[in-house]
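# Analysis of the macromolecular model
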Amino acid sequence: MDYLKAKILSDGVVKKGNVLKVDSFLNHQMDVRLYNEIGKEFYRLFGDCNVTKILTIEASGIGIACVTAQSFNYCPVVFAKKSKTSNVSDSVYTSQVESFTHGNVNTVIVSKEYIKPEDRILIIDDFLANGAALTGLIDIVNQAGATVVGAGIVIEKGFQDGGKKLREKGYRIESLAIIDSMNDETGEIVFRD
Ligand code: 5GP
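Structure report, in brief. (Residues numbered from 1 in each chain as written. Predicted model: local features only at pLDDT ≥ 70, side-chain atom pairs only at ≥ 80, totals over all residues. Heavy atoms only, no water.)

### Some details on the environment of Ile-140
The residue Ile-140 is located in helix α5 (residues 132-144) in this model. The spacing of Ile-140 and Ile-109 is 31 residues in sequence and 8.2 Å in space, taken between C-alpha atoms. The contacts of Ile-140, once residues within four sequence positions are left out, are Tyr-93, Thr-94, Ser-95, Val-108, Val-110 and Ile-115. (Helix = DSSP H or I, 4+ residues; strand = E, 2+ residues; numbered from the N terminus. Contact = heavy atoms within 4.5 Å.)

Take a look at the structure:
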């Protein structure tokens, strides 16, 4: 994923608090050529896993997941909704997710209709940091009795421990770019090989 890494280096902005801003191609304006490359790469990695559905979380994961689904024979994409109220009905799976970028806790919900025990789920997200979002999505798949085939992440911040913790639990996590360090004063970003 040389194009992804080049885009991160040329257009990514390192903010205070270990936040990488990639609004110009991933999180606000979207580089669809890059999305297409990302989708094909996730297919190369997970194409033989009999994926029946892709699960992501609103908002930034949705576009990536939809483009990726085209490579997976147009499988359905389900996105977990961030609910403002904890007062949710019996017909949904819920999990608590602490937001890395906003610092609050969201109850995320997925209707029970859309994940069934026979589903083989590929989870897709834009970033992996402390692993809260991914842990919440895995929790929802487990509540449904479905199978997590793995997670496809666009950018993993390898200096935060979410990826390490989840890999140690046995989950297959494939990140297209792993950042080993970044510096908000110099703007330097170092990738893992
Ligand atoms: P985690 O739950 O793993 O701590 O963080 C992952 C979630 O937080 C992702 O869904 C992503 O939206 C957001 N996130 C975490 N770190 C960053 C970052 O450095 N930049 C941006 N743009 N989003 C991030």
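Moving on, there is more to tell.
### Some remarks on the packing of aromatic side chains
Under the counting rule described, the total for this entry stands at one aromatic pair. With a centroid separation of 5.1 Å and an interplanar angle of 75 degrees, the aromatic rings of Tyr-43 and Phe-72 are classed as edge-to-face. Here Phe-72 lies in the loop between α4 (60-71) and β4 (77-83) and Tyr-43 lies in helix α3 (residues 32-46), a separation of 29 residues in the sequence. In this structure, Lys-5 packs its charged tip against the face of Phe-191, placed 5.6 Å from the ring centre. (Phe/Tyr/Trp six-rings, centres within 6.5 Å; stacked < 30°, edge-to-face > 60°. Lys NZ or Arg CZ within 6 Å of the ring centre and 35° of its normal.)

### Observations regarding the site of the ligand
Leu-20, Ala-129, Asn-130, Gly-131 and Lys-157 are the nearest of the 16 residues found near the ligand. One nitrogen or oxygen atom from the main chain of Ala-129 is found 2.8 Å from an oxygen atom belonging to the ligand. Within the contact set of the ligand, an oxygen atom lies 2.8 Å away from a backbone nitrogen or oxygen of Ala-133. Surface burial for the ligand is 89%, taken as the share of its 500 Å² of free accessible area covered by protein chains. Among the detected pockets, the ligand sits in the largest pocket. Mapped onto the shell around the ligand, the elements with two or more residues apiece are β2 (19-21), β7 (120-128) and α5. Counting residues per element, the shell around the ligand draws most heavily on β7, at four residues. In the shell around the ligand, the residues fall into eight nonpolar, five polar and three charged. (Near = heavy atom within 4 Å. Polar contact = N/O pair within 3.5 Å; in protein donor to acceptor, adjacent residues only side chain to side chain. Areas by Shrake-Rupley, 256 points an atom, 1.4 Å probe, with all protein chains shown as cover. 1 Å grid on protein atoms, 1.4 Å probe; cavity = no way out; pocket = protein on both sides within 12 Å on 5 of 7 lines; lining within 4 Å. Sits in = over half its atoms within 2 Å of the grid points. Nonpolar A, V, L, I, M, F, W, Y, C, P; charged D, E, K, R; others polar.)

### Digging into the nonpolar core
Ile-8, Leu-20, Leu-26, Ile-54 and Ile-155 are the most contacted members of the largest nonpolar core, which totals 34 residues. Counting only elements with at least two residues in this core, the list comes to α1 (2-11), α2 (23-27), α3, α4, β7, β8 (147-157), β9 (173-182) and β10 (189-191). When near neighbours in sequence (up to four residues on either side) are disregarded, Leu-20 contacts Ile-8, Gly-12, Val-13, Val-14, Phe-127, Ile-155, Ile-179, Met-182 and Ile-189. Within the second largest apolar cluster, 24 residues are counted, among which are Ala-80, Tyr-93, Leu-134 and Val-148. (Core = buried A, V, L, I, M, F, W, Y, C linked by side-chain atoms within 4.5 Å. Buried < 20%, exposed > 50% of the residue type's maximum accessible area, 1.4 Å probe, protein only.)

### Brief notes about the pattern of salt bridges
Counting across every chain of the model gives 12 salt bridges. For Lys-165, the salt bridge is made with Asp-161, and the minimal N-O distance between the two is 3.7 Å. Classification of Asp-161 by relative accessible area gives partly exposed; the value is 39%. Here the salt bridges share partners, and the residues they tie into one network are Lys-7, Asp-11 and Asp-31. (Salt bridge = Lys/Arg side-chain N within 4 Å of Asp/Glu carboxyl O.)

### Digging into unusual backbone geometry
The amide bond that connects Glu-58 to the next residue, Ala-59, takes the cis arrangement and shows omega of 0 degrees. In this structure, Ala-59 sits in the loop between β3 (53-57) and α4. Phi is positive for Asn-50, which is not a glycine, with a value near 50 degrees. With respect to the helices and strands, Asn-50 occurs in the loop between α3 and β3. The class of Asn-50 is exposed, set by a relative accessible area of 58%. Here the phi dihedral of Tyr-74 falls at roughly 55 degrees; this positive angle occurs in a residue that is not glycine.

### Looking at the pairing of β9
Burial within β9 is extensive, with seven of its 10 residues counted as buried. By the bridge criterion, six bridges tie β8 to β9 in an arrangement that is parallel. Considered in β9, the bridge of Ile-153 is made with Ser-175. Sheet topology places β9 next to β10; three bridges connect them, and they run antiparallel. (Pairing = 2+ DSSP bridges.)

Honestly, it's all geometry; don't read function into it.
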